[in-house]
Amino acid sequence: MTEKFRTELNLLKQDTVDMARFAQDMLKESIVVLINEDVTKAAEFKQKKNHLRELSPDLEERAYQMIAMNQPMAKDMRTIVCTLKIISSAERIGRYGKVIANMTKHVHNQPSVSRSAVIPQMADQVIGMIDDAITAYKNEDLTLIKNFSSRDDVVDTLWHSFFQEMIPYMKENPTTVERGTYYVMVARYLERSGDHACTIAENVRFMITGERTVK
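First, a word on what this report is: a plain description of the structure on this page. (Residues numbered from 1 in each chain as written. Predicted model: local features only at pLDDT ≥ 70, side-chain atom pairs only at ≥ 80, totals over all residues. Heavy atoms only, no water.)

On to the packing of helix α1 (residues 3–36) against helix α4 (residues 74–102), then. α4 packs onto α1 with a crossing angle of 20° between their chain directions and a minimal axis gap of 8 Å. Relative to α4, α1 is oriented roughly parallel. Relative to α4, α1 is oriented so that their crossing is left-handed. Looking at the contact of α1 with α4 residue by residue, the classes come out as 18 nonpolar, six polar and five charged. (Axes fitted to C-alpha atoms, helices over the stretch in contact; angles between N-to-C directions. Helix = DSSP H or I, 4+ residues; strand = E, 2+ residues; numbered from the N terminus. Parallel < 35°, antiparallel > 145°, perpendicular 65-115°, else oblique. Left-handed = near helix turned anticlockwise from the far one by under 90°. Nonpolar A, V, L, I, M, F, W, Y, C, P; charged D, E, K, R; others polar.)

Take the packing of aromatic side chains next. Aromatic ring pairs are described here by two measures, namely the spacing of the ring centres and the angle between the planes. One pass over the structure, following the stated rule, counts two aromatic pairs. Seen from their ring centres, Tyr96 and Tyr189 are 5.2 Å apart, and the 25° between their planes marks the pair as stacked. Taken together, the residues span a long stretch of sequence, with Tyr96 in helix α4 and Tyr189 in helix α8 (residues 177–209) at a distance of 93 residues. Measuring from ring centre to ring centre gives 5.5 Å for Trp159 and Phe163, while their planes differ by 40°; the resulting arrangement is tilted. One end of the pair, Trp159, and the other, Phe163, are both in helix α7 (residues 148–172), four residues apart, so they sit about a helical turn from each other. Over the face of the ring belonging to Tyr137 we find Lys13, whose NZ or CZ atom lies 5.0 Å from the ring centre. The ring of Phe206 is capped by Arg78, whose NZ or CZ atom sits 5.9 Å from the centre of that ring. (Phe/Tyr/Trp six-rings, centres within 6.5 Å; stacked < 30°, edge-to-face > 60°. Lys NZ or Arg CZ within 6 Å of the ring centre and 35° of its normal.)

What follows covers empty space enclosed by the protein. Counted under the stated rule, the structure contains one cavity of 30 Å³ or more. Quantified by volume, the largest cavity comes out at close to 30 Å³. Lining the largest cavity are Arg78, Val81, Cys82, Lys85, Asn203, Phe206 and Arg212. Those elements giving two or more residues to the lining of the largest cavity turn out to be α4 and α8. Looking at which element gives the most residues to the lining of the largest cavity, the answer is α4, with four residues. Residue composition of the lining of the largest cavity, grouped by class: three nonpolar, one polar and three charged. (1 Å grid on protein atoms, 1.4 Å probe; cavity = no way out; pocket = protein on both sides within 12 Å on 5 of 7 lines; lining within 4 Å. Points joined across faces, edges and corners; volume = space filled by probe spheres on them.)

Given below as structure tokens:
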């Protein structure tokens with residue numbers, strides 16, 4: 001491929017990394033906002049989501065134009081396809097962040113619930129996975145994502161145990177139902193964000209090796 005193509009592809013990758021980092025930060029900040037019940041900060045997420053939504057079509061259009069104008073093959077084609085899938089996952093992760101932040105106004109001043117510490121614990125695990133997946137894409141480093149299956153298992157275990165414990169707890173403590181229900185939803189969004197991190201990792205692995213993960 002030409003030097004111009006290589007320059008454009010590198011720039012597309014960097015801009016995609018920046019977008020994915022923005023989405024990652026949205027998710028991370030949303031948990032802090034929720035835990036601190038910072039209604040003012042939560043209101044800022046609408047603008048953040050709009051910004052993220054504006055980035056997606058521009059990046060996608062650039063990727064499609066590179067395919068149409070250059071007809072890339074092998075590794076170059078896999079890189080562009082991986083980029084498109086990361087854009088999609090990043091937008092979804094950012095959207096989860098916005099939804100979680102929006103829950104702040106609903107849980108504000110509601111009675112506390114037990115096991116709420118699981119939420120930041122899940123968030124740390126998931127955000128770490130997202131961070132490593134993005135870095136693996138940027139640096140083409142497979143070592144960062146080699147143990148993603150076991151890390152995802154940890155997230156899944158936290159989600160299921162939290163859900164199973166919260167249901168009887170809310171039945172015994174009806175005043176906690178509103179906050180508890182929202183926290184269950186937050187845990188579910190974190191679990192789904194972990195799945196998106198795995199999707200990114202799988203596509204990065206395919207981008208680098210040309211081999212698909214067999215499950």
